Amino acid sequence: MDFDAAEKTAVEPKIEEREEKSTEPKILSVSEVNKAVRSTLENNYRLLWIKGEISNFKAHSSGHFYFSLKDSKAQINAIMFRGFNQGLRFKPHDGLEVIVRGKITVYEPRGTYQIFCELMEPVGAGALQLAFEQLKKKLELEGLFAPARKRPIPTLPRHVAVVTSPTGAAIRDILNILGRRFAGLRVTVIPALVQGDGAPASICAGIALAQKLTDIDVMIVGRGGGSIEDMWGFNDERVARAIASARVPVISAVGHEIDFTIADFVADLRAPTPSAAAELVCKNAAEITEVITVLKKRLYRGWQHQLQLARQRMVHATARLVDPKRRLQDLAVRCDELTQRLESCTRRYLERRAQEVKLQLSRLPSPLEMILRLEQEIDILQTRMQAYLVRSVEGQRARFARLASLLDSLSPLTVVARGYSITFKDNKPVKSVEQIAKGDLLEITFAKGKAAARVEKILEE
């Protein structure tokens, strides 16, 4: 308490002294205030680690991420520029709890403060595990993991392509096992990077190159064991889609038995290890030879059995054979019987049809009566037609008289007959004095005759 009092006493004289020097307060603009606040925040909080839940996340078309970090009591705006977010192995989304590292700053045009994020890590599961789960869920919804699209591995492939590192232990194990199990199998090794940032592109290029081999039957894509970072190239979406679009069945052989990658779920068959892939891709030559021998014996016994059955059927059939001459006689008798039945049926059918014709003829009226009835109908129709024509002509005459009377009433000659005249200039009727001038020669039409006149004077109204 004594320290506070002493500090207050020491400060108060300075305040009074300052007030004596300047009685007017300093007025700042809005931009100056925002600039001062920004300078204060950036100088005092150069680098922060903040934990919060993402909300209002938006990935802008420019590539920048805009979002808010919030907890149960407050929130802060945040931005992560494209140069920093390109290194993220997972996709941020609303509701995800993260830890970010960044700098506090103020956006002066709006007076809002925000954090520029340089690093982001999910809380709980690591970034790689979160990216793995996100991609797995996405591809599963697209149906790339569906069992229906898995293709069977050929039983006896003739040509196998292996996309892997040419210097790793995995390719040596594969070649040793394939050579021991089936020496005649053709194997083509497609070199590819299986670790590092360039691994996904290299693996995709290897798969594309392998598909240019027109005679390959199956493809092995994989590598030996390692950490999740070492095997991360096989969790890339580009590699998954390249495997899914391959024209031949693909065996994924990545890491050890406990390791799972996205490539394992997309491939037509997952092998626990590269060595297991070599054992799955082809059978042992000795086993195949033994199977062929067994099948050969079974085939021979089967043919012997079928031949014996055929001989027995031939003996039974021979015992049931009938003398061909007797068979022909039976057929001749049967033919005569059928001929008699046909003739009888034909005769009964014709008789029945003849009776039907007689019955129809008896129902037909006399032709003479039909002619007389039709003549009466014709006379009636002619009488109706003549009456209709007379009425139609009379109606047309009356209509013509009405139209002629109406036309006559509208004729200019009728007007002239009542004492008027029509004046023409150059064979065109004159309707106004504006159409004539002094000295013009005019033609005047009366009810009876015409006359020529020259304009001497135009009288204005």
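My aim in this report is to walk through the structure given alongside it, one point at a time. (Residues numbered from 1 in each chain as written. Predicted model: local features only at pLDDT ≥ 70, side-chain atom pairs only at ≥ 80, totals over all residues. Heavy atoms only, no water.)

1. A look at the overall build of the chain
Looking only at helices and strands, the chain features 13 helices and 14 strands. Relative to the compact-globule value of 23 Å for 461 residues, the chain shows a C-alpha radius of gyration of 56 Å, a clear excess of over 25%. Principal-axis analysis of the C-alpha atoms places the extent of the chain at approximately 140 × 135 × 50 Å. Buried residues in the chain amount to 26% of all 461 residues. Looking at the chain as shown, the accessible area adds up to about 33,100 Å², and 57% of this sits on carbon and sulfur atoms. (Helix = DSSP H or I, 4+ residues; strand = E, 2+ residues; numbered from the N terminus. Rg over C-alpha atoms; globule rule 2.2 N^0.38 Å. Buried < 20%, exposed > 50% of the residue type's maximum accessible area, 1.4 Å probe, protein only. Areas by Shrake-Rupley, 256 points an atom, 1.4 Å probe, with all protein chains shown as cover.)

2. Observations regarding helix H9 (residues 274–281)
When we look at burial in H9, the residues that qualify are Pro 274, Ala 276, Ala 277, Ala 278 and Val 281. Packing partners of the buried residues in H9 comprise strand S6 (159–164), helix H5 (169–181), strand S8 (218–223) and strand S9 (250–254). (Contact = heavy atoms within 4.5 Å.)

3. Let's talk about the packing of H5 against H9
H9 packs onto H5 with a crossing angle of 25 degrees between their chain directions and a minimal axis gap of 8 Å. One element, H5, and the other, H9, form an angle in the roughly parallel class. Note on packing geometry: the crossing formed by H5 with H9 is right-handed. Where H5 abuts H9, its residues Ala 170, Asp 173, Ile 174, Ile 177, Leu 178 and Arg 181 lie against Pro 274, Ser 275, Ala 278, Glu 279 and Val 281. Here the residues of the contact of H5 with H9 are counted per class, giving seven nonpolar, one polar and three charged. (Axes fitted to C-alpha atoms, helices over the stretch in contact; angles between N-to-C directions. Parallel < 35°, antiparallel > 145°, perpendicular 65-115°, else oblique. Left-handed = near helix turned anticlockwise from the far one by under 90°. Nonpolar A, V, L, I, M, F, W, Y, C, P; charged D, E, K, R; others polar.)

4. A word on the pairing of S6
The buried count for S6 comes to six of six residues, which makes it a mostly enclosed element. Of the two faces of S6, both are covered, the one formed by His 159, Ala 161 and Val 163 as well as the one formed by Val 160, Val 162 and Thr 164. As defined by bridge partners, S6 adjoins strand S7 (residues 186–191) across six bridges and the pair is classed as parallel. Bridging across to S7, Val 160 finds its partner in Val 187. With H5 bridging S6 and the parallel S7, this β-α-β connection has right-handed handedness. In this sheet, S8 lies alongside S6 in parallel orientation, the contact comprising four bridges. By the bridge assignment, Val 160 is partnered in S8 with Val 218. (Pairing = 2+ DSSP bridges. Right-handed = clockwise from strand over helix to strand, strands pointing away.)

5. A closer look at the pairing of strand S5 (residues 112–122)
Sheet analysis places strand S3 (residues 75–80) next to S5, joined by three bridges and oriented parallel. Bridge pairing in S5 links Asn 77 to Gln 114. Hairpin connection between strand S4 (residues 97–107) and S5: a loop of four residues separates the two successive antiparallel strands, and Gly 111 in this loop has a positive phi of roughly 70 degrees.

6. Regarding the sheet that holds S7
Read from one edge to the other, the open sheet built from five strands follows the order S7-S6-S8-S9-S10, with strand pairing classed as parallel. Edge positions in the sheet fall to S7 and strand S10 (269–270), since each of these pairs with one other strand and no more.

7. Topic: the packing of helix H6 (residues 199–211) against helix H7 (residues 237–244)
Packed helices, taken two at a time, are described by the angle between their axes plus the distance between the axes. The N-to-C vectors of H6 and H7 enclose an angle of 10 degrees; their axes lie 8 Å apart at closest approach. The orientation of H6 relative to H7 falls into the category roughly parallel. Contacts from Pro 200, Ala 201, Ile 203, Cys 204 and Ile 207 in H6 reach Arg 238, Val 239, Ala 242 and Ile 243 in H7.

8. Here's the deal with the side chain of Ser 55
You can see Ser 55 is positioned in strand S1 (residues 48–59). On the basis of relative accessible area, Ser 55 is assigned to the buried category, the value being 9%. Residues in contact with Ser 55, not counting those within four places in the same chain, are Phe 67, Ser 68, Lys 70, Gln 75 and Asp 94.

9. Some remarks on the packing of aromatic side chains
Two numbers describe a pair of aromatic rings. These are the distance of the centres and the angle of the planes. Applying the stated rule across the entire model yields five aromatic pairs. Both rings, one in Phe 81 and one in Phe 116, keep their centres 5.3 Å apart while their planes meet at 65 degrees; by these two values the pair is edge-to-face. Highlighted residues: Phe 81 in the loop between S3 and helix H3 (82–85) and Phe 116 in strand S5, separated in sequence by 35 residues. On the accessibility criterion, Phe 81 (29% relative accessible area) is partly exposed. Considering the side-chain rings of Phe 145 and Phe 265, the 5.4 Å spacing of their centres and the 35 degrees angle between planes classify their relative orientation as tilted. With a gap of 120 residues between them, Phe 145 in the loop between helix H4 (127–141) and S6 and Phe 265 in helix H8 (residues 262–266) connect regions that are remote in the sequence. Exposure remark for Phe 265: the relative accessible area of 23% places this residue in the partly exposed category. Cluster of aromatic residues (ring-pair linked, three or more members): Phe 57, Phe 65 and Phe 67. Between Arg 270 and the ring centre of Phe 260, over which it is positioned, the NZ or CZ distance is 3.9 Å. (Phe/Tyr/Trp six-rings, centres within 6.5 Å; stacked < 30°, edge-to-face > 60°. Lys NZ or Arg CZ within 6 Å of the ring centre and 35° of its normal.)

10. Examining the sheet that holds strand S12 (residues 428–429)
Paired through backbone hydrogen bonds, the strands of a sheet run either parallel or antiparallel to each other. Spatially, the four strands line up as an open sheet ordered S12-S11-S13-S14, and their pairing is antiparallel. Each having just a single partner strand, S12 and strand S14 (450–454) make up the two edges of the open sheet. As paired strands, strand S13 (residues 441–445) and S14 are joined by five bridges and run antiparallel to one another. Among the inter-strand pairings, Thr 445 is bridged to a residue of S14, identified as Lys 450.

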